[in-house]
Amino acid sequence: MQQQPLLEVKNLKTRFKITGAYVHAVNGISYSLNEGDSLGVVGESGCGKSVGVMSVMRLIPQPPGEIYEGEVLYDGRDLLKLSSEEMRHIRGKEIAMIFQDPMTSLNPVMRIGRQITEALELHMGMDKKQARDRAAELLTMVGIPRAADRLEDYPHQFSGGMRQRVMIAMALSCMPQVLIADEPTTALDVTIQAQIVDLVKKLRDELGMAVIWITHDLGVVARLVKNVAVMYAGFIIERSPVEDLYVHPSHPYTLGLLGSLPRLDSHERERLISIQGAPPDLVDVPQGCPFRPRCPYAIERCVEENPPLLPVSITHESACWVDVTTGRPR
Amino acid sequence: MMAQNEMNATLEKQMVPAEDNLVVVRNLKKYFPIKRGVLQRTVGHVQAVDNVSFTVKRGETLGLVGESGCGKSTTGKAILQLDRPTAGEVIIDGVDLVHLKGEKLRQMRRKMQIIFQDPFASLNPRMNVGQIVGEPLDVHGVARGKEKEERVKELLKVVGLNPQFVTRFPHEFSGGQRQRIGIARAIALNPSFVVCDEPIAALDVSIQAQVVNLLKDLQGKFGLTYLFIAHDLSMVRHISDRVAVMYLGRIVEIADWQAIYDDPRHPYSQALLSAIPIPDPVIEAKRKRIILEGDVPSAANPPKGCRFNTRCPVRQERCFIDDPQLREVMPGHWAACHFA
Ligand SMILES: Nc1ncnc2c1ncn2[C@@H]1O[C@H](COP(=O)(O)OP(=O)(O)O)[C@@H](O)[C@H]1O
Ligand SMILES: Nc1ncnc2c1ncn2[C@@H]1O[C@H](COP(=O)(O)OP(=O)(O)O)[C@@H](O)[C@H]1O
Ligand code: SF4
Ligand code: SF4
Ligand SMILES: [Mg+2]
Ligand SMILES: [Mg+2]
């Protein structure tokens, strides 16, 4: 038997109440993460990537939000059943999160040093001196030059890339078991993005923490993670080890995404295979397969029944009734 | 420093015979004053575009890449005279635009258009689609009444929108559809030159491909010439015939779309290429990455000598003294590095 996973999300469902209707943001996603694992969550904007991990962290505003089904098992405990006090401890110490906009985690009017030492004193029981030394050490570790001299600076005195590093230092301050990164490089230039991806990779290998990396960029995922989950309309529609996803994409949506991307290394310029239409409104997720209105492979069965994740190989699953290699029903 | 006449000689060489070039840009500069204090005294200048020269052939797409703030949009706007250049020449179809005014400039404006990044911000929310796409036809008195209506519907069809949409408003459309409306408007007057300023940056991946395919189709159909601005080098290579790489207000390399990937000569281009992930884990595992140190310096106070010298992994002493000019390192391939 396998070991018990570090983090296991089971059939998680989250929705938002709006006037007279629900936004079905996350519609029953499941995944698990072992120690030191890395999972990439890929999908276009609005497909439920952020709501999915914010639900894990219990950071969904309730109301209008509601996690109405599922379990989030961390170290055997269901996080969805913890008190806010217990959850605060998990967020500070066990699972940390970094965001696209570092200012969501940084306080603009507090000195950087204090922002880091506060958590160290609270969660790690350090005294002022120890916490300060550790803060400088953390900032050095994430590549901030002359870190000890910068503890008195405010967030606005750092560039975008450097602020992202400060946020990472803060997230790592209590040595979390899991780091959740929600598009932390999307707003950055590619050379700075490469610096940050490299940094997280290095820290992951050194500290042995598990990483969930959310992105809309299939390229970044190829560089960073071991496993990938592709999301569409609040569902995970394909899941596989990273190498296999690019060699044998098995869901028509994944195929479309890969076809939409010109490759930096290509020597031919074939017409891009675009996906027709646009993603569905999550207030009105179509019955049957959510991808059907855009799907060139659709068969009759897709109209009525939404396919669950079905195995393509031992480690690879796709939520589709059709075998995309033959175009025939599976 | 390279002597001025020597520089002009290299520039001339870069220019192919005039009739092939729709657009010729020579020593283009755009400086923005930095004002301080109650008196708003000018205390310095942002050298947003500093001595940029290139040409675009008829029917060609020149891609312009570089990281945010390097001067891409400013270059595009200075060429179209939406923002008057500080110095330099911009010749389109044989006419120097920099000193053109009034009716003559207005006539030239018909030939050149721009498509912006943000389809949400660039369309007037109070105008319906028919009015938005038809406006340039009104302004230039090209068509009115029934004829205008027909032309607008025709344009919507060309960009893949339902002609029935004329009475709808921008908020009723998705991002990709709004970008199509912007494109229909841009091509309404049969322009010959279109600056596409990050037209797909705000769109989702699957929608980006739709818009890029459309731009390519329109180019084939109407013989358009594009300056395609983007920070996504993969997409720029896909759509461009030649690619220019910008850094801190300068063009540091220009090459054919194949050569820019196969044989980048400038250390910045090399780092930029290596930073872009390729969606293929097998290739990714093998690629060598050049991680640049630090951030881009301020355009108000660019480094002396080579502007890339604060981050360049192969800089030498000379790079802090001499400012490298673009020179032809291979036929048709230009790089601004002493050691390229
Ligand atoms: N506070 C909220 N109220 C209502 N709808 C929301 C709220 N937060 C997110 N949503 C909706 O949930 C869906 C998923 O959003 P999100 O997880 O942020 O997408 P992603 O991160 O994949 O871009 C979207 O349709 C979004 O509009
Ligand atoms: N109107 C303006 N006033 C002052 N500075 C400007 C103005 N427009 C652009 N800049 C500056 O000029 C530089 C180039 O900007 P821009 O051309 O927009 O870059 P890009 O399009 O490559 O991101 C930046 O440093 C920017 O801050
Ligand atoms: S289940 Fe049907 S509609 Fe859905 S992706 Fe597969 S073929 Fe397309
Ligand atoms: S001139 Fe010097 S600093 Fe500039 S790119 Fe070349 S080697 Fe680097
Ligand atoms: Mg998100
Ligand atoms: Mg710009």
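Below, the structure is looked at part by part. Note that this is a predicted model, so its numbers are computed, not measured.

### Structural notes on the site of ligand 2
All names here are of chain B.
Then, number 1: Taken together, Phe 32, Val 46, Ala 48, Glu 67, Ser 68, Gly 69, Cys 70, Gly 71, Lys 72, Ser 73 and Thr 74 form the complete shell of residues around ligand 2.
Then, number 2: Note that an oxygen atom of ligand 2 is positioned 3.3 Å from one of the backbone N or O atoms of Cys 70.
Then, number 3: Here Gly 71 contributes a backbone N or O atom positioned 3.0 Å from an oxygen atom of ligand 2.
Then, number 4: When the free accessible area of ligand 2 is taken as 560 Å², the share hidden by the protein chains comes to 59%.
Then, number 5: Per-element accounting of the shell around ligand 2 gives the leading share, 3 residues, to helix H2 (residues 72-79).
Then, number 6: Grouping the constituent residues of the shell around ligand 2 by class yields 4 nonpolar, 5 polar and 2 charged.

### Let's talk about the side chain of B:Ser240
Then, number 1: Here B:Ser240 lies in the loop between helix H8 (233-239) and strand S9 (242-247).
Then, number 2: Here B:Ser240 falls in the buried class, since its relative accessible area comes to 0%.
Then, number 3: Looking at B:Ser240, its side chain comes within polar contact range of the main-chain oxygen of B:Val236, at 2.7 Å.
Then, number 4: Beyond its immediate chain neighbours, meaning those up to four positions away, B:Ser240 contacts A:Arg269, B:Thr61, B:Leu62, B:Gly63 and B:Trp257.

### Regarding the pattern of salt bridges
Then, number 1: The tally for this structure, following the rule as stated, stands at 38 salt bridges over all chains.
Then, number 2: Measuring nitrogen to oxygen at the nearest pair gives 2.9 Å for the salt bridge that ties B:Asp217 to A:Arg271. Taken as a pair, B:Asp217 in helix H7 (residues 205-222) and A:Arg271 in the loop between helix H9 (252-260) and helix H10 (301-304) lie in two separate chains rather than in one.
Then, number 3: Note that B:Asp93 is salt-bridged to B:Lys111, the shortest N-O span being 3.1 Å. Of this pair, B:Asp93 sits in the loop between strand S4 (87-92) and strand S5 (95-96) while B:Lys111 sits in the loop between helix H3 (102-109) and strand S6 (112-115), and the two are 18 residues apart along the sequence.
Then, number 4: In the salt-bridge network here, residues are joined through shared partners; they are A:Arg223, B:Glu284, B:Arg287 and B:Arg289.

### Things to note about the site of ligand 3
Residue and element names in this part refer to chain A.
Then, number 1: Surrounding ligand 3, one finds 13 residues, the nearest of these being Cys 289, Cys 295, Cys 302, Cys 320 and Trp 321.
Then, number 2: Mapping ligand 3 onto the cavity grids shows that it belongs to the largest cavity.
Then, number 3: Of the residues that constitute the shell around ligand 3, the class distribution is 11 nonpolar, 1 polar and 1 charged.

### Describing the interface of chain A and chain B
Then, number 1: Facing the 44 residues of chain A at the interface are 44 residues of chain B.
Then, number 2: For the pair chain A and chain B, the summed buried area comes to about 3900 Å², and 57% of that belongs to carbon and sulfur atoms.
Then, number 3: Of all residues in chain A, A:Arg223, A:Leu264 and A:Arg269 give up the largest surface area on contact with chain B, accounting jointly for 23% of the area buried on that side.
Then, number 4: Between the two partners, chain A and chain B, sit 4 salt bridges.
Then, number 5: Salt-bridge contacts for A:Arg223 lead to B:Glu284; the nearest nitrogen and oxygen are separated by 2.6 Å.

About the thresholds
- Residues numbered from 1 in each chain as written.
- Chains lettered and ligands numbered in written order.
- Predicted model: local features only at pLDDT ≥ 70, side-chain atom pairs only at ≥ 80, totals over all residues.
- Heavy atoms only, no water.
- Near = heavy atom within 4 Å.
- Polar contact = N/O pair within 3.5 Å; in protein donor to acceptor, adjacent residues only side chain to side chain.
- Areas by Shrake-Rupley, 256 points an atom, 1.4 Å probe, with all protein chains shown as cover.
- Helix = DSSP H or I, 4+ residues; strand = E, 2+ residues; numbered from the N terminus.
- Nonpolar A, V, L, I, M, F, W, Y, C, P; charged D, E, K, R; others polar.
- Buried < 20%, exposed > 50% of the residue type's maximum accessible area, 1.4 Å probe, protein only.
- Contact = heavy atoms within 4.5 Å.
- Salt bridge = Lys/Arg side-chain N within 4 Å of Asp/Glu carboxyl O.
- 1 Å grid on protein atoms, 1.4 Å probe; cavity = no way out; pocket = protein on both sides within 12 Å on 5 of 7 lines; lining within 4 Å.
- Sits in = over half its atoms within 2 Å of the grid points.
- Buried area = accessible area lost by both parts, 1.4 Å probe.

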